[in-house]
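Below are the chains, spelled out letter by letter.
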Amino acid sequence: MSTTASRLSADARREQLLDVAIDAFAKSGYHSTSMNDVAAAAGVTKPVLYQHFDSKRALYVALLEDVGDRITSAVLEATKNTDSGKETTRLGFIAYFTWVAEHPREFQLLFGSNDRTDVEFTAMTRKLESSLAEAIAPLITAGIDAQHQRTLALGLIALAIGVSQHLIAEGKRFNPETVAEQVFQFAWAGLRSVGR
């Protein structure tokens, strides 16, 4: 272990471990990745890893939460200073697809992993989708009630996730702004007629 690595604060060490865990779990999946694998990749001992995470499951849950927070923050940050529904939708899709293009492994952990058979992990993914919907729903300013806003927000999220799953599965680089513009045009065609 390097001297520099040993000087990290607890928060910085936790972030480092989460970043390393993304690569480890994305490469081998949850069941085939051990705490030894993560510790070795991080250049720390297993006891150091256990100081931050009680178990492999706790590490993976923390990882899913962290990645979910990152994608939500990217979308909310991109849309926070707009007051036009059209521009908000466009910027939200650009931020989302840019995040997916820059973080394909993280996207795979959330929405493309074979670990979706695990009830807890599936519930966490649904919780993320619900949190995204709660964040996006108020941005849909179409004179409709809150439940209708949330339903539309869930539809937008499902659309974005579905397109992303296919793009990531193809394994090719894609231009996030081009994809975002295409998806935005489709989504906006429907959104602009809502409430009329």
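See the structure printed just above.
Residues numbered from 1 in each chain as written. Predicted model: local features only at pLDDT ≥ 70, side-chain atom pairs only at ≥ 80, totals over all residues. Heavy atoms only, no water.

Caption draft 1: Representation of the pattern of salt bridges. Here the structure, examined in full by the defined rule, presents nine salt bridges. Measuring nitrogen to oxygen at the nearest pair gives 3.0 Å for the salt bridge that ties E77 to K80. The salt bridge partner of E87 is R90, with a shortest N-O separation of 3.0 Å. On the criterion of helical spacing, the pair formed by E87 and R90 is a turn pair, its members being three residues apart in helix α6 (residues 85-102). The class of E87 is partly exposed, set by a relative accessible area of 30%. For R90, a relative accessible area of 26% translates into the label partly exposed. Several salt bridges share partner residues, and in doing so they unite E15, D19, D66 and R70 into one network. (Salt bridge = Lys/Arg side-chain N within 4 Å of Asp/Glu carboxyl O. Helix = DSSP H or I, 4+ residues; strand = E, 2+ residues; numbered from the N terminus. Buried < 20%, exposed > 50% of the residue type's maximum accessible area, 1.4 Å probe, protein only.)

Caption draft 2: Molecular detail of the environment of T125. Considering the arrangement of structural elements, one finds T125 in helix α8 (residues 119-136). Of the residues examined, T125 reaches a relative accessible area of 7% and is grouped as buried. Along the backbone, T125 and I71 are 54 residues apart, and their C-alpha atoms lie at a distance of 12 Å. At a separation of 3.3 Å, a polar atom in the side chain of T125 contacts the main-chain carbonyl oxygen of L110. (Polar contact = N/O pair within 3.5 Å; in protein donor to acceptor, adjacent residues only side chain to side chain.)

Caption draft 3: Molecular detail of the packing of aromatic side chains. Here the structure, examined in full by the defined rule, presents nine aromatic pairs. Between the aromatic rings of Y30 and F121, the centroid separation amounts to 5.0 Å while the plane-to-plane angle is 75°, which identifies the pairing as edge-to-face. Taken together, the residues span a long stretch of sequence, with Y30 in the loop between α2 (10-28) and α3 (35-42) and F121 in helix α8 at a distance of 91 residues. Comparing Y30 with F121, the two get one shared label, buried. Over the face of the ring belonging to Y30 we find K56, whose NZ or CZ atom lies 4.5 Å from the ring centre. (Phe/Tyr/Trp six-rings, centres within 6.5 Å; stacked < 30°, edge-to-face > 60°. Lys NZ or Arg CZ within 6 Å of the ring centre and 35° of its normal.)

Caption draft 4: Focus on the side chain of T33. Residue placement: T33 occurs in the loop between α2 and α3. For T33, a relative accessible area of 2% corresponds to the buried category. Engagement of the side chain of T33 in a polar contact is seen with the backbone oxygen of A24, the distance being 3.2 Å. In this structure, T33 is in contact with A24, F25, S28, V38 and K56, ignoring residues within four places of it in sequence. (Contact = heavy atoms within 4.5 Å.)

So yeah, pure geometry; function would need other evidence.
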